[in-house]
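The chain contents come next:
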Amino acid sequence: PKPNGDPTAMLMKSYACQRRTPLKHYNSFLTEALEILSQNAEYNDNEGRSVAFRRAASVLKALPRRVRSMQDLRCLPCLGDHSQRVIKEILEDGSSREVESTRQSEQYQAMKALTGIFGVGVRTADRWFREGLRSPDDLIRTGQQLNREQQAGVQYYDDLQKPVTKAEADVISDIVEKAVHAVLPGAEIQLMGGFRRGKEVGHDVDFLITHPEEGKEEGLMPKITNWLKEQGLLLYQKTTRNSYLEKMDGPARASSNMDRFERCFSIFKLQKSHQSEASGWRAVRVDLVVSPYSQFAFATLGWTGSKLFERELRRWAGQEKHMSLSSHALYDSKQNLYLRAKTEEEIFAYLGLEFIPPSERNA
Ligand code: GTP
Ligand code: MN
Ligand code: MN
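Computed from a predicted model, the values in this text were never measured in an experiment.

Caption draft 1: Local environment of the coordination of the manganese ion (ligand 3). The protein atoms that coordinate the manganese ion (ligand 3) are Asp204 (OD), Asp206 (OD) and Asp287 (OD), at distances spanning 2.1 to 2.3 Å. Along the chain, the residues donating to the manganese ion (ligand 3) fall in the pattern D-x1-D-x80-D. Taken as a pair, the manganese ion (ligand 3) and the manganese ion (ligand 2) show a spacing of 3.7 Å, with aspartate 204 coordinating each metal. Under the relative-accessibility criterion, aspartate 204 is labelled buried at 6%. Exposure remark for aspartate 206: the relative accessible area of 9% places this residue in the buried category.

Laid out in structure tokens, this is it:
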């Protein structure tokens, strides 16, 4: 039975992976507010609350028009009481007191600055905050113990705060391609993350690397990073070996967020194109991941994002399909078997989902 309301509202599915979410939408004035509350909940180690706000924001991103009144929200999923209160206040008064006081709060601002340092998570930032530290400068001034990653994070803080443009991502793509082909001809490289979803800027550049002959990709990362180092293109790198074993890591832990591919968190030294600029280079965060060919489709799906889209895919798989999805594999608990896939399309089909292209995974 069709309610008389907005026909688009009726079509709104409740999992983000069932919806098309474009990059540009009509409700940033609401989603930005809800995402501040989500972020703040994350800073306070309240994951449930954080996800609830993020899901609410995501529903509004999928709407085909601007929300003008609470009436427009009828029949929409994922909008809890708290989110509705915030939306109502913004619609009526232009802003929400809770959001504005959060935005201005010392804790929110300090946590944002501290977790904005490469290598610093919520837990570390929270400990520092409780010790009275507020910014990267405070860490330097008080001589805090930092690991190698955090040292690089503080050292290149200003550069890493600046968004990476698509043009810069393209230059880095060329460099990565050159490096990979120099050490393993025939390897395939794909741009992942936000840039694959069509973003014009990002906080880093993500790449997935594979080779059609399974096995050739083993131990590839150190060769790539050595090549880059020799060219003077790396300011920092930390490589983690592949630790995925289907027998041990399969069904039981397949839905965990972290994957076990060989990967490298790095900071590139990117030459600026205009020599007139004050300094000739900038630091850029780059993530490199190597996947065996047989897992490439899963890795591609898992590293394209958005983070909420990924989270919702795994929730859908588990709750609705009794399957377990990771960036390595899809396991069907009812049939007791792994489902093989060569393409993202096949994975969506196994999951009983309409295929959503990367540009509409901006949940
Ligand atoms: P920006 O970089 O801020 O533009 O956004 P992004 O969407 O590219 O985010 P990010 O680079 O943090 O992550 C890209 C994708 O890789 C997202 O879908 C993440 O969920 C995924 N990702 C990041 N880290 C991991 C990880 O350790 N394991 C897995 N499986 N996925 C990860
Ligand atoms: Mn990224
Ligand atoms: Mn990344």
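Caption draft 2: Expanded view of the packing of helix α3 (residues 47–61) against helix α16 (residues 307–321). Running from amino to carboxyl end, α3 crosses α16 at an angle of 105°, the nearest separation of the two axes being 11 Å. Viewed along their axes, α3 and α16 adopt a mutual orientation that is roughly perpendicular. Facing Glu47, Val51, Arg54, Arg55 and Ser58 of α3, the residues of α16 in contact are Leu308, Arg311, Glu312 and Arg315.

Caption draft 3: Summary view of the nonpolar core. Leu34, Leu60, Leu76 and Leu139 are the most contacted members of the largest nonpolar core, which totals 37 residues. When contributions to this core are tallied by element, the ones reaching two or more residues are α2 (28–43), α3, α4 (81–93), α6 (106–115) and α7 (122–130). If you tally residues by element for this core, the top one is α2, at six residues. Taken domain by domain, this core gets at least three of its residues from each of domain 1 (7–102) and domain 2 (106–155).

Caption draft 4: Expanded view of helix α13 (residues 220–230). Within α13 the residues assigned to the buried category are Leu220, Met221, Ile224, Thr225, Trp227 and Leu228. Looking down the long axis of α13, one finds its buried residues gathered within 155° of arc, a one-sided arrangement. Close packing links the buried residues of α13 with α11 (166–183), β4 (205–210), β5 (234–240), β6 (262–271) and β7 (281–290). Residue glycine 232 follows α13 closely and has a positive phi angle near 70°.

Caption draft 5: Summary view of the layout of surface pockets. In this model, the second largest pocket occupies a volume close to 260 Å³. Lining the second largest pocket are twelve residues; nearest its centre among them are Leu11, Met12, Arg19, Arg20 and Ala62. Taken together, the residues of the lining of the second largest pocket sort by class into six nonpolar, two polar and four charged.

Caption draft 6: Region of the structure containing the site of ligand 1. For ligand 1, the set of nearby residues contains 19 residues, the closest of which are Gly194, His203, Asp204, Asp259 and Gly305. Histidine 203 places a polar side-chain atom, nitrogen or oxygen, 2.7 Å from an oxygen atom of ligand 1. For ligand 1, whose unbound accessible area comes to 630 Å², protein coverage reaches 87%. For the shell around ligand 1, the element with the highest residue contribution is helix α15 (residues 296–304), accounting for three residues. Among the residues making up the shell around ligand 1, the classes are represented as two nonpolar, nine polar and eight charged.

Caption draft 7: Structural view of the sheet that holds strand β8 (residues 323–325). If you trace the three strands from one edge of the open sheet to the other, you get β8-β9-β10, paired in antiparallel fashion. In this open sheet, the two edge strands, each paired with only one partner strand, are β8 and β10 (337–338). When β8 meets strand β9 (residues 330–332), the two strands line up antiparallel, connected through three bridges. Its bridge partner lying in β9, leucine 325 is registered against leucine 330.

About the cut-offs
- Residues numbered from 1 in each chain as written.
- Chains lettered and ligands numbered in written order.
- Predicted model: local features only at pLDDT ≥ 70, side-chain atom pairs only at ≥ 80, totals over all residues.
- Heavy atoms only, no water.
- Donors = N, O, S within 2.8 Å, 3.2 Å for Na, K, Ca; no water.
- Buried < 20%, exposed > 50% of the residue type's maximum accessible area, 1.4 Å probe, protein only.
- Axes fitted to C-alpha atoms, helices over the stretch in contact; angles between N-to-C directions.
- Helix = DSSP H or I, 4+ residues; strand = E, 2+ residues; numbered from the N terminus.
- Parallel < 35°, antiparallel > 145°, perpendicular 65-115°, else oblique.
- Contact = heavy atoms within 4.5 Å.
- Core = buried A, V, L, I, M, F, W, Y, C linked by side-chain atoms within 4.5 Å.
- Domains from an automatic or database assignment.
- Arc of directions from axis to C-beta.
- 1 Å grid on protein atoms, 1.4 Å probe; cavity = no way out; pocket = protein on both sides within 12 Å on 5 of 7 lines; lining within 4 Å.
- Points joined across faces, edges and corners; volume = space filled by probe spheres on them.
- Nonpolar A, V, L, I, M, F, W, Y, C, P; charged D, E, K, R; others polar.
- Near = heavy atom within 4 Å.
- Polar contact = N/O pair within 3.5 Å; in protein donor to acceptor, adjacent residues only side chain to side chain.
- Areas by Shrake-Rupley, 256 points an atom, 1.4 Å probe, with all protein chains shown as cover.
- Pairing = 2+ DSSP bridges.

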